[in-house]
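Observations on the model geometry
Residue-level listing of the chains:
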Amino acid sequence: MTIRLYDTSARQIRDFTPLTPGCVSIYLCGATVQAAPHIGHIRSGLNFDIMRRWFAYRGYDVTFVRNVTDIDDKIIKKAAEQGRPWWSIGYENERAFNDGYAALGCLPPTYEPRATGHITEMVEMMRGLIERGHAYEADGNVYFDVRSYENYLELSNQDLDDLRQPSGDGETGKRDPRDFAMWKAAKPGEPSWETPWGRGRPGWHLECSAMAHKYLGTAFDIHGGGLDLIFPHHENEIAQAKAYGDEFARYWVHNAWVTMAGDKMSKSLGNSVLVSEMAKKWRPIVLRYYLGTPHYRSMIEYSEEALREAESAFARIEGFVQRVTEKAGKTVPLAPEVPLAFAEAMDDDLGVPQALAIVHTAVRQGNSALAADDKEAAVERLAEVRAMLGVLGLDPLDEHWAGESDRGDDLHGVVDSLVRLVLDQRESARARKDWATADAIRDQLGQSGLVIEDSPDGPRWSLGPR
């Protein structure tokens, strides 16, 4: 068994070999908390949640670090616009992100460090880089000298001569316009911390290099994030960390975006779809299915039609699980192992679409067993299906999702009683061979959003796709 991952730095799929046998260390660039999350933000956390779950299934001890950037130009700007303290903006949106991750079933990280809690580590890293000749102070700012690190831009495969480095206000005194700010000199009214070079605040790139060093050491296995972070963020992280003397990340894994009309979903485009609002319209487990089942390196073009398709696809899986548990009870144990084809798909660069095809095949086989009244075969397929869904965080019987159905249990009981009365009328019509009335009742229920399925045990109903 060998897990293989696409490594952005190598531009190819590589066999995964951990630094420490049986262990895997992952650093994921988390939220910049200037606003509440949209589904594009949560996709990254969800993709790496699936990665983490698969490593754990394969027997690895996983250390998963996901940082919080709680000081940033955008946060400071938002605070000024709203007349609120910068930390108030950060705390509010950090909670919104964590609520979003939890709603979609993401496991909590091993560590979730905030940037502002690691100023000491950042100062130590800057001091070391200045001593080694890789950084310099100017006008209270501290810059990284990109020409001092010979492998700069290897990750993004750019030419230094053509580089246009993003630059912020107040970044004066650069020796070269391509140098980037590690520390920004204090401005009136902005948060700042004392350093040997004067008061100021950290640059975005320095934060992650320092926190990865603290929690994962000088070398770790996997660094992850969205494609948009390759440059400048990850490129600059690498330069700082390696110039400081760290080996840093051995694999670089990047997830693709959620797009709208071909554009990356982002706050700046004004096309964000907030997780909090989406969860009111769609069941969170359906949102997880929608965001988590495409391959992590494939773009997702957002549309309500695509979400409805995901809802229908998951309903077929969930319907099978419900039907078998009605017959066999909820005590059916999960299969000890997932099917070989599922494991092979997941081992091959987390091939969730191919793995999901195995899930749907097992569901079809299980439904055939139910139709043939072969309870034993149906239970065997259920055990496999739940084992596979568990790895993907999509088992509808998992305790995390139990609250989804529990919230509507009382209402479900009332609706069930009413629908049963109507179904009894339909059964009476069928007994009289009044097929027109029976069909009319079924059609009316269908127009109400209910799906009626005739089975050997009598008719059963479920909510249809919207």
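What counts, and where the lines are drawn
Residues numbered from 1 in each chain as written. Predicted model: local features only at pLDDT ≥ 70, side-chain atom pairs only at ≥ 80, totals over all residues. Heavy atoms only, no water. Axes fitted to C-alpha atoms, helices over the stretch in contact; angles between N-to-C directions. Helix = DSSP H or I, 4+ residues; strand = E, 2+ residues; numbered from the N terminus. Parallel < 35°, antiparallel > 145°, perpendicular 65-115°, else oblique. Left-handed = near helix turned anticlockwise from the far one by under 90°. Contact = heavy atoms within 4.5 Å. Nonpolar A, V, L, I, M, F, W, Y, C, P; charged D, E, K, R; others polar. Buried < 20%, exposed > 50% of the residue type's maximum accessible area, 1.4 Å probe, protein only. Lys, Arg positive; Asp, Glu negative; His and termini not counted. Salt bridge = Lys/Arg side-chain N within 4 Å of Asp/Glu carboxyl O. Pairing = 2+ DSSP bridges. UniProt positions renumbered as here; feature names shortened; annotations may be inferred. 1 Å grid on protein atoms, 1.4 Å probe; cavity = no way out; pocket = protein on both sides within 12 Å on 5 of 7 lines; lining within 4 Å. Points joined across faces, edges and corners; volume = space filled by probe spheres on them.

Some thoughts on the packing of helix H11 (residues 352-371) against helix H12 (residues 375-392)
- Viewed as axis vectors pointing N to C, H11 and H12 meet at an angle of 160 degrees, and their least axial separation amounts to 8 Å. Between H11 and H12, the interaxial angle falls into the category roughly antiparallel. Pair H11 / H12 crosses with left-handed handedness. Between H11 and H12, the residues in contact are Val352, Leu356, Ile358, Val359, Ala362, Val363, Gln365, Gly366, Ala369 and Leu370 and Ala377, Ala378, Arg381, Glu384, Val385, Met388, Leu389 and Leu392, respectively.
- For the contact of H11 with H12, the class distribution of residues is 14 nonpolar, two polar and two charged.

Side note on the side chain of arginine 52
- By the element assignment, arginine 52 lies in helix H1 (residues 39-57).
- Of the side chains bearing the opposite charge, aspartate 49 lies closest to the buried arginine 52, which forms no salt bridge; the N-O distance is 5.0 Å.
- Those residues within four positions of arginine 52 in sequence are excluded, and the remaining contacts are Val62, Phe64, Leu107, Pro108, Pro109 and Thr110.

Section: the sheet that holds strand S4 (residues 61-69)
- An order of S4-S3-S9-S10 is seen for the four strands of this open sheet, with the pairing classed as parallel. Looking at strand neighbours, the two that pair on one side only are S4 and strand S10 (248-255), the edges of this open sheet. Strand-to-strand twist of the sheet, defined as the mean angle between neighbouring strand axes without regard to direction, takes the value 25 degrees.
- In this structure, strand S3 (residues 23-32) lies alongside strand S9 (residues 219-226), joined through three bridges in parallel fashion. Across the sheet, the residue bridging to isoleucine 26 is isoleucine 222, located in S9.

Let's talk about the UniProt feature "binding site: Zn(2+)" (unreviewed entry) in the protein chain
- Mapped onto the present numbering, the UniProt feature "binding site: Zn(2+)" (unreviewed entry) falls at Cys29, Cys208, His233 and Glu237. In terms of the greatest pairwise C-alpha distance, the residues named above, spread along 209 residues, form a tight cluster of at most 11.0 Å across.
- Note that cysteine 29 resides in strand S3.
- Setting aside anything within four residues of it in sequence, one finds cysteine 29 in contact with Asn67, Cys208, His223, Gly224, Leu229, His233, His234 and Glu237.
- Position of glutamate 237 among the secondary structure elements: in helix H6 (residues 230-244).
- With a relative accessible area of 0%, glutamate 237 lands in the buried category.

A look at empty space enclosed by the protein
- Inspection of every chain in the model, using the stated rule, returns two cavities of 30 Å³ or more.
- Estimates place the volume of the largest cavity at around 50 Å³.
- Lining the largest cavity are Asn47, Ile50, Gly292, Pro294, His295, Tyr296, Leu350 and Val352.
- In the lining of the largest cavity, the residues fall into five nonpolar, three polar and no charged.
- What the second largest cavity holds in volume is close to 30 Å³.
- Lining the second largest cavity are Gly30, Ala31, Arg66, Asn67, Val68, Glu94, Phe97, Asn98, Tyr101 and Glu112.

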